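The residues making up each chain are set out below.
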Amino acid sequence: MIPFLWQVALVPVVNDVDVAPLHIPFLMLWQMLGIVATTVVIAVVFRLDRAAGVDDEERRFAAATEPGAGERA
């Protein structure tokens, strides 16, 4: 939810900010920071999934759903 709220829901709030750090309009800077925040959130979720054993679960699922020798894909 954090990336969605950052990129969509909070844009009306930051749209009227007149600050331009490094001569970059604040809304553009906000969107670029949102991309960084989204990347961090995805990395955290990826690490949490690995710690929870999702890789093993995916391997078992793939093995269970592989077509047999006589079956078509």
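Structure's up top.
The following paragraphs examine the structure supplied in this document. In this text, all values refer to a predicted model and were calculated from it rather than measured experimentally.

Attention now goes to a nonpolar patch on the surface. A surface patch of nonpolar side chains, about 440 Å² in accessible area, is lined by Met1, Phe4, Leu5 and Val8. Inspection of the secondary structure assignment puts Met1 in the segment before helix H1 (2–9).

What follows is about the packing of aromatic side chains. Enumeration over the complete set of coordinates arrives at two aromatic pairs. Relative to Trp30, the ring of Trp6 lies with its centre 4.4 Å away and its plane at 15°, an arrangement referred to as stacked. With Trp6 in helix H1 and Trp30 in helix H3 (residues 26–51), the pair connects residues that are 24 residues apart, well separated along the chain. When the centroid spacing of 6.2 Å and the interplanar angle of 35° are considered together, the rings of Phe26 and Trp30 count as tilted. Pair noted here: Phe26 and Trp30 are both in helix H3, with a separation of four residues, about one helical turn.

What follows covers the pattern of salt bridges. By the definition in use, this model includes two salt bridges. Of the charged contacts, one joins Arg50 and Asp55 as a salt bridge, the two residues approaching to 3.2 Å between their closest N and O atoms. Notably, a salt bridge pairs Arg59 with Asp56, separated by 2.7 Å at the nearest N-O pair. Highlighted residues: Arg59 and Asp56, both in helix H4 (residues 54–65), separated by three residues, approximately one helical turn. Assessed through its relative accessible area of 54%, Arg59 is described here as exposed. Residue classification places Asp56 among the partly exposed positions, given a relative accessible area of 40%.

Of note, the phi angle at Leu22 is positive, near 55°, even though the residue is not glycine. Note that Leu22 resides in the loop between helix H2 (11–14) and H3. The exposure class of Leu22 is exposed, given its relative accessible area of 76%. Phi at His23 is positive, roughly 60°, even though this residue is not glycine. One can find His23 in the loop between H2 and H3. Overall, His23 belongs to the exposed group, its relative accessible area being 78%.

A rise of 1.5 Å per residue sets the reference length of H3, with its 26 residues, at 38 Å; its end C-alpha atoms lie 37 Å apart and thus fit the reference within 8%. With its phi angle positive at about 85°, Gly53 sits one or two positions after the end of H3.

Cut-offs used in this document
Residues numbered from 1 in each chain as written. Predicted model: local features only at pLDDT ≥ 70, side-chain atom pairs only at ≥ 80, totals over all residues. Heavy atoms only, no water. Patch = residues over 30% accessible without salt bridge, like charges linked within 9 Å, V, L, I, M, F, W, Y side chains within 5 Å. Areas by Shrake-Rupley, 256 points an atom, 1.4 Å probe, with all protein chains shown as cover. Salt bridge = Lys/Arg side-chain N within 4 Å of Asp/Glu carboxyl O. Helix = DSSP H or I, 4+ residues; strand = E, 2+ residues; numbered from the N terminus. Phe/Tyr/Trp six-rings, centres within 6.5 Å; stacked < 30°, edge-to-face > 60°. Buried < 20%, exposed > 50% of the residue type's maximum accessible area, 1.4 Å probe, protein only. Expected span 1.5 Å × (residues − 1).

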